[in-house]
Amino acid sequence: MKKLQQQLKQIDGKSYKGYKQIQGKYSFSDYELFIDYVQGDPFAAPSKIRIRIPNQKKAIQPSWKETARRKVYTEDGLTRTVSKAVVKNQTHVKGSGKSGMVAVDQPGQEILERTAVTLGEQDMTVCLTVGLPANGRRINGREAEKLFFKVLPEVMKYSVFSVKDEELQAACDLADQHEAIEIEMKENDWISFIADGSILPRESGISDRPMKNAVPFTSPEENRVSFSIPHRNEPITGMALNKGIVLIVGGGYHGKSTLLNAMERGVYPHVKGDGREYVVTDPQAVKVRAEDGRQVTNVDISPFIKNLPHGADTTQFSTENASGSTSQAANVIEALEAGADTLLIDEDTSATNFMIRDERMQELVVKEKEPITPFIDKIKQMRDDLDVSTILVMGGSGDYFNVADDVIMMDQYVPHNVTGRAKEIAERYPSKRAVVAEQEFGTIPARAFLPASLQTRRGKKEKVQAKGRTTIIMGRTDIDLDGIEQLVDPSQTRLIADLIMHMEKKGALKKEQSLKELLDDVEQQIDTKGLAAFAPFKDQHPGELARPRRFEIAATLNRIRTAKVKDLR
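Residues numbered from 1 in each chain as written. Predicted model: local features only at pLDDT ≥ 70, side-chain atom pairs only at ≥ 80, totals over all residues. Heavy atoms only, no water.

A. Spatial organisation of the nonpolar core. If you look at the biggest cluster of nonpolar residues, it comprises 80 residues, and the most contacted ones within it are Leu247, Phe304, Leu343, Met355, Phe375 and Tyr400. For leucine 247, the contacting residues outside a window of four places in its chain are Leu392, Met394, Tyr400, Phe401, Ala404, Asp406, Val407 and Ile408. (Core = buried A, V, L, I, M, F, W, Y, C linked by side-chain atoms within 4.5 Å. Buried < 20%, exposed > 50% of the residue type's maximum accessible area, 1.4 Å probe, protein only. Contact = heavy atoms within 4.5 Å.)

B. Region of interest: unusual backbone geometry. A positive phi angle, close to 55°, is found at asparagine 307, a residue other than glycine. Mapping asparagine 307 onto the fold places it in the loop between β17 (296-299) and β18 (317-319). The class for asparagine 307 is exposed, based on a relative accessible area of 70%. Not every positive phi belongs to a glycine, and glutamine 412 is a case in point at roughly 50°. Residue classification places glutamine 412 among the exposed positions, given a relative accessible area of 58%. (Helix = DSSP H or I, 4+ residues; strand = E, 2+ residues; numbered from the N terminus.)

C. Quick look at the sheet that holds strand β16 (residues 285-288). Taking strand neighbours across the sheet as the criterion, the 6 strands line up as β16-β19-β20-β14-β21-β22 in an open arrangement whose pairing is mixed. The open sheet has two free edges, formed respectively by β16 and β22 (414-417), since each of these has just one partner strand. This sheet shows a mean twist of 20° between the axes of neighbouring strands, independent of strand direction. Pairing between β16 and strand β19 (residues 342-346): 4 bridges, direction parallel. Bridge pairing in β19 links valine 288 to isoleucine 345. Helix-sheet contacts for helix α6 (residues 324-338) involve β16 and β19, and the interaxial angle to β16 is about 170°. In the packing of helix α9 (residues 379-386) onto the sheet, the strands contacted are β14 (245-250), β19 and β20 (389-393), and the crossing angle to β14 comes to about 150°. (Pairing = 2+ DSSP bridges. Axes fitted to C-alpha atoms, helices over the stretch in contact; angles between N-to-C directions.)

D. Quick peek at the sheet that holds strand β9 (residues 190-195). Here 4 strands make up an open sheet; going across it, the order is β12-β13-β9-β15 and the pairing antiparallel. The open sheet has two edge strands, β12 (224-227) and β15 (279-281), and neither has a second partner. Each adjacent strand pair in this sheet contributes to an overall mean axis angle of 30°, direction not counted. Two elements, β9 and strand β13 (residues 236-242), share 5 bridges in a ladder whose sense is antiparallel. Pairing of isoleucine 194 across the sheet is with methionine 239, part of β13. Contacting β9, β12, β13 and β15, helix α4 (residues 165-188) crosses the sheet at an angle of about 135° to β9.

E. Region of interest: the pattern of salt bridges. Overall, the coordinates contain 47 salt bridges when judged by the stated rule. Note that glutamate 145 is salt-bridged to lysine 9, the shortest N-O span being 3.4 Å. Of this pair, glutamate 145 sits in helix α3 (residues 141-157) while lysine 9 sits in helix α1 (residues 2-11); the two residues are 136 residues apart in sequence, bridging distant segments of the chain. Of the charged contacts, one joins lysine 505 and glutamate 462 as a salt bridge, the two residues approaching to 3.2 Å between their closest N and O atoms. One end of the pair, lysine 505, is in helix α11 (residues 490-506); the other, glutamate 462, is in strand β25 (residues 461-462), with 43 residues separating them in the sequence. (Salt bridge = Lys/Arg side-chain N within 4 Å of Asp/Glu carboxyl O.)

F. Just α1, in detail. Turning to α1, its buried residues are Leu4, Gln7, Leu8 and Ile11. Looking straight down α1, one finds its buried side chains confined to an arc of 100°; they lie on one side. Turned more than 90 degrees off the buried face of α1, the exposed positions are Lys2, Lys9 and Gln10. At its buried positions, α1 is contacted by β1 (24-27), β2 (32-37), β8 (138-139) and α3. Where α1 terminates, the next one or two residues include glycine 13, which has phi positive at roughly 85°. (Arc of directions from axis to C-beta.)

Next up, the structure:
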């Protein structure tokens, strides 16, 4: 502490680059401070620090980290207390640029594995970014002293040192409950569970918080299940959707897409009070949509599209500017290649000609002239041949009644099971459209991304940088992630950017593994070494990182415009 105070006095008023002298480790009474990275300019990206708190100063119960899930939920709870303390901090540090700024990687509504707060065997580490104070571009040592000796101790005092054991135990209780629901789902072959009383609508298009005065979810009797979960006196009840083909229908603005969006986000756990904390979806579920203009590299879309004009090969299809139908076909195949068990599809974001062709269009444009086999003719094959389920929002075509196992109708945000009525209507008004699919779905590709895919050089430097949630700059090209709807946090994008750089430096693609094997390796590394395994600097602040799923990593690789891909079949 005293050494840091002396250094700040010595460099006061000097050039801002003088702050480089304070990099290092400092012992405070309740924690150790690590100043890992010092910004070169008050207007540049802020400095990175770590605060390491030994268990003797803040007791962490062994039970809070006895399972990987409990540990993640406890770390999430601690991160939220730090975030609240940062926001409530009343001490103002003056200066130019980012002077006095203190920030932690703030979680959203999802509970994600993060680097913001990590629990070790003997200690806890809190990662923060701070803006070192300046007057113009000169060091403001007095304000820096205020930052390190008043602001940071207060943030720690009102967060990790004051959080009640009951709060962290509640996080662990929620972890146990989510695990119990997932076990129940696996045992009963459910692909999604939505608890009675859940609040599915969100506050607005730009807010992920629950809508006030929204209609609570109520399960249809035909789908209602009841079972016991830990830390709850009465059984939990709600709607269970069985494996197979589930159709969600209803009028416009009655809640079809709201229900699907909740299930789409249900692949991640949510915090207590979110309204969706007991909405749980198969973790291998992937949202699929049309994505005009995306890059597609060497993907076998022949199960859906064949015989293109000019004889283009669809078993190894590539394009720099995919259409709605070819992009959606590629998205389906790529999801299956990465290991998806369930597909989530909304007609609003789908290509119409990919989803359905009615009998009139089939009559006008004969089979020999139409390269697309619509999704409706492949959906049962996916279920029967591949054991892949589909949850589909469809308000425009009753032809899907014939293939659905379950039909849920949303009526003023209330779901009703109308499977019997839908089947009766299908019998009364038989479809005259011809099924055009072959007898089997087709083979799922096994592709290897080659080292030349990762062109990270920009001039003399290598650069892979996340820009928000939806863009990664890799060398001279941008990777557009806007169509990856289950990528929910910018910190997940940062982890994927670090992963790409890590794979480039380590030559990970030289093994020519299949994409599935590559994703298995990545997940194993995260499980054993943590998210920081892919950070650019070891034993330092790893950056603001959160764990993405394998599917979002795969989707990012598939959107690299410089990708070079080899078919391993």
